[in-house]
Amino acid sequence: MNFLLAAALGVGVLVFAPLVAHLLRRGRTPERVFPPAALVGRLEAHSKERARLEDRTLLSLRAAMVVVLAVLGATPLVQCSRLSVDRPHGASVALALIIDDSHSMRAEVKAGRTRWDEAILGARQLMRSMREGDAVAIVLSGKPARLALSGTTDLKTARAALEELHQTDRSSDLDAALELARSSVKNLQQPDRKLVVLSDLAGSVLAAPDASAPLESLRQPIDDCGLLVARRQNDRLSVSMACSKAASAARGLHVIAAAPIESILSEPARLTRLSLAPRPGTQALSFGLLANAPDFEIELTPGDANAKNDRVHVSSEGAQLNVAVVTDASHASVITGGPTVIEQALLAVRSDASLRPLSMLPDETKELETYAALVLNDPTGLGPETRAALGQWIEHGGVALGLLGPASSNLSLSATLEPFAERGARWEANRVALDVDAASVEWLGQDARSLRALTRGGRMRLDGAGLPGSASAGTWQDGVPFLLRRPLGSGLVLSAGLPASVEYSDFALRPVFLALLEHVVSEAEQRRGPGITLVGEPWIFPADKQVRIEGPLGPLAVSAEGCESDGNPAPNCAPGQQSATPELAGRYTIFSDGGQQTRSARIDDHEISDAPGSAEPSTATAAGAGESGAIDASPELALALLGFFAGELVLRLGSEARRRRRAARALS
Amino acid sequence: MRSELSKHLDWAALGRLRLQARRIADGAWVGVHSSRRRGAGLEFAGHRSYAPGDDLRWLDQRALLRHERLLIKQFDTETERTLRLLVDATASMGFRSETATLRKLDYAALIAAALTRVAVRSGDPVGLDFLGGAEAQPLPVAGGLQAFERSLVELTRIVPSGTLGDSRAELEQALAGIGQRAPRGTVFVVLSDLLEFGEAGPDVLSALGTGGRHAILVQVLDPLEALFPLDGPVRLRASEGTLEVETNATLARASYLEALAALQSRFRNTLRAHGGELVICRTDEDPVATVRAILRAAEGRAP
């Protein structure tokens, strides 16, 4: 601080001058002896009251004028705490704003202001400090990381794009966002490129040398507990909740329903006695439910820093991922007994899935409706009624995996393998262990390399057995299809050329089998679903369906491949695959092709339990976009000063007129 | 004796007062007056009907025999008129505003001295009494230049202090012995600001004018009190008592002047009902005019 700045700000000390003058003036009320004082009308109360009201307002105005004058004198030397772009070389800057739109940013850090509000405010301040020739890109770090605005020098557009951003309940994906931000400014012409992260950095440490995280206020610990999911499993209600490390007050659960609580819970008193200690991390609760209990919501009380995660809906529909497994236990079980290999593998993939071993396929669609996925091991053929029911179920979003084996090649006269394969599929006995082409199944991830020497007694030849619409999703080394993929309506059919039985192959014992089941389950979740997915995970729908989704805040946008125009579906377009991504936690109703289903999007528990992260000091200093900068606010201050003067004038005129009227009334 | 008196008397002031009183009295001199009254005397003036209580010595027996009516004989007589000066010397009379040259008490003393001079030259006896005040003694009724000199001494020594009671009983007690002992025909001149007499003031002071006596109230006001030329917020403190009033003088002026006029009107009406008169003067006015107004009032004319 130099002398000039100190002197200018020193004028601010005179803010006390009006106060002192006021006190002196009040103390120096002229006093004199006047014998006939008793004949003088008393105006004491009115004059005191008027003096107080008038003087206070005038005092405030004059004090404000002094302060404004002081700042005006110090401007533009005064350093404001608002964010601004640092320009060490004075050249144009390419700025990538990484704004965290994850759920944790919805927590309140000040009265009525959330982290998101603070982040947007910081972004606005940064935008305001940008000059002509600067470029800006906006990246949202909610999972998956997205580019909200590609690098542009049109600052007006950038500001408009910033104002259109909104809060979501997504998880956080900061690493991907940083990569996206780097790539968005990499090819820009500006010599200085800066990445500014406006995030609470929940659970992470920002160590990127080219990024800065200037807003420390976003990283204050908060007292937050939230409900993640409430599942209804037959007669049990399972509730998952998470708390932050800074959570301190005990919470309670309340049922919100139109029906009395006695018709919902078997032990309602237990809920009223419940007092949840704020344990950092997640915890699970379980309650007994009465049969035919209606839908209801549960709420966590009292409220905390983030009220958006204190309430969750408990629905009877789609609460769980149901997977049907149709297999001959005598062939698909391990020697030690217990569940079949398929069931064990499915439980390893998704422990929360509900498995239903079936001895035979139902021949009515209604019986299949409760399942999201179906694994059929070495079927002996499907009869007409079964095929019709299965086909209809798949078209409505079911995902079926057929593990075809020797039994599948011995079909009776009326049975076929549809919808998995045509009758042309045949079992080929072969003593030589065959390999699957790892490259053809790379989409299954690293586990694809575990497909060497897979066969033990033969394989199902699927070449020429593919039904219309089938495509090879994996091949043997000799080019024969190993896995067929066939979208059918809203659903999906996968046909593998090996059964799960260990008698014929090691397929079920290889890691790739788990990857394949994981794929089946995730496809089922997306298409028919357990009803509960993480916020930000897309829901995929077939292209030939009219899909409409109603979410917690109204309709949810559905996008179609190749039919997007400015982010909105274009009319009169034959779209490809349709998808929608829920951005808020809550319950969604999906209307597609005359059908209706309910899904829920839940919050990632890390968004609540992870404490705010930190930025390494070297990171913040290296980035160079921070909370400093000379702000010339002279025009605004001068305008404010003018306003104050006008205000005083109006106040004086008004108060004088009022004073006269009141005095006249008092004396009369 | 003289040295003892010097402790309490400002001889210079006394001389100045003497000169001023003479000047004023000379200016106001209206000639020797005849103090006529009917009653016992030398020159027959007629009859009137007898009233119970009349002295039976003046019963006209011849008229009784001739007309069979009880008649009382009346005579005109040359008599002296006693002047009793009553000077208010309470604390409020010590007030003098910045623009005034005299305190109200000083002005009242000047008027009293001039009236004494006038009375002495007319051969009328003069008595002097004070309401409140300190250091001075009331003077009994006496005539001659000696009475004038003694009046000057006391008027010079008087120091304003004390208060008058608000209640009627207190006021009557303060005036007791002054009015009752005065003979018929006595002219009472009360010099006061009339501000501390309260509600009972007009009645009590007017009572001095009963029983064949004549009462003239002279309200002495400072120009500040008479005109109230103040402006803006002001805190006013009464010189007697603890009364304080905070007001806006500009806004309160009209109402004050109305209240003052109402007070004067009350005194004037009550006095006139008893044959008296109210004379209003300011300390910045010519004292000659004031004395003339008092003398006119004493003769029953408008001041």
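Each remark here, short or long, concerns the structure printed above.
Everything quoted here is computed from the prediction, not taken from an experiment.

K.L.:
Could you give an account of the overall build of chain B, naming the residues involved and the relevant values?
P.N.:
A count of helical and extended segments in chain B gives 10 helices and 11 strands. The buried share of chain B, reckoned over its 303 residues, is 41%. Contacts spanning at least 24 positions in sequence make up 74% of the contacts within chain B whose residues lie at least 6 apart.

K.L.:
Let's hear about the overall build of chain A: which residues, and what values?
P.N.:
When you go through chain A residue by residue, the secondary structure sums to 15 helices and 37 strands. Expressed as a percentage of its 668 residues, the buried residues of chain A come to 41%. Intrachain contacts of chain A at a sequence separation of at least 6 include 74% that bridge at least 24 residues.

K.L.:
Give a detailed account of the sheet that holds strand S7 (residues 187–192) of chain B, specifying residues and quantitative values.
P.N.:
Residues and elements named next belong to chain B. Spatially, S6-S5-S4-S7-S8-S11 is the arrangement adopted by the six strands of the open sheet, whose pairing is mixed. What marks the edges here is a single partner per strand, and that holds for strand S6 (139–142) and strand S11 (277–282). Sheet twist, expressed as the mean angle between neighbouring strand axes with direction ignored, is 20°. Bridging between strand S4 (residues 83–88) and strand S5 (residues 126–131) involves six bridges; their strand directions are parallel. Paired with Val87 across the bridge in S5 is Phe130. Together, strand S8 (214–221) and S11 form the strand contacts of helix H9 (residues 249–273), whose direction differs from that of S11 by roughly 145°.

K.L.:
Account for the interface of chain A and chain B, with residues named and values stated.
P.N.:
By a frequent convention, interface size equals the accessible area lost on bringing the separate parts together. With 19 residues of chain A at the interface, the matching set in chain B holds 24 residues. Listing elements by their share of the side of chain A that touches chain B, those giving two or more residues are strand S1 (31–33), helix H3 (44–74) and helix H15 (634–667) of chain A. With three residues, S1 of chain A is the single largest residue contributor to the side of chain A that touches chain B. Residue composition of the side of chain A that touches chain B, by class: 12 nonpolar, three polar and four charged. Judged from the three bridges that link them, S1 of chain A and strand S9 (residues 233–237) of chain B form a sheet pairing that is parallel. Looking at the pairing, Arg32 of chain A lines up with Leu236 of chain B of S9 of chain B.

K.L.:
Help me get a handle on the packing of helix H4 (residues 115–128) of chain A against helix H5 (residues 155–164) of chain A, residues and values and all.
P.N.:
Residue and element names in this part refer to chain A. For the pair H4 and H5, interaxial distance at closest approach is 11 Å and the crossing angle is 175°. Relative to H5, H4 is oriented roughly antiparallel. Note on element contacts: H5 touches H4 through Leu155, Ala158, Arg159 and Leu162, opposite Ile120, Ala123, Arg124 and Met127. The class makeup of the residues in the contact of H4 with H5 is six nonpolar, no polar and two charged.

K.L.:
Describe the sheet that holds strand S13 (residues 252–256) of chain A, with residues and values.
P.N.:
Residue and element names in this part refer to chain A. Strand order across the open sheet formed by three strands is S13-S15-S16, with antiparallel pairing between neighbours. Across the chains shown, the open sheet's two edge strands, defined by having one partner strand only, are S13 and strand S16 (311–314). The mean inter-strand angle of the sheet, taken between neighbouring strand axes irrespective of direction, is 25°. One ladder, built from four bridges, connects strand S15 (residues 296–301) with S16; its direction is antiparallel.

K.L.:
So what's going on with the packing of helix H4 (residues 104–122) of chain B against helix H5 (residues 145–157) of chain B? Which residues, and what values?
P.N.:
Residue and element names in this part refer to chain B. Remark: H4 packs on H5, axes separated minimally by 9 Å, with the N-to-C direction vectors making an angle of 175°. Looking at the two axes, H4 sits roughly antiparallel to H5. Here Ala109, Ala112, Ala113, Thr116, Arg117 and Val120 of H4 come into contact with H5, specifically with Leu145, Ala147, Phe148, Ser151, Leu152 and Leu155. Here the residues of the contact of H4 with H5 are counted per class, giving nine nonpolar, two polar and one charged.

Basis of the calculations
Residues numbered from 1 in each chain as written. Chains lettered and ligands numbered in written order. Predicted model: local features only at pLDDT ≥ 70, side-chain atom pairs only at ≥ 80, totals over all residues. Helix = DSSP H or I, 4+ residues; strand = E, 2+ residues; numbered from the N terminus. Buried ≥ 20, exposed ≤ 12 C-beta atoms within 10 Å, placed from the backbone. Contact = placed C-beta atoms within 7 Å. Pairing = 2+ DSSP bridges. Axes fitted to C-alpha atoms, helices over the stretch in contact; angles between N-to-C directions. Nonpolar A, V, L, I, M, F, W, Y, C, P; charged D, E, K, R; others polar. Parallel < 35°, antiparallel > 145°, perpendicular 65-115°, else oblique.

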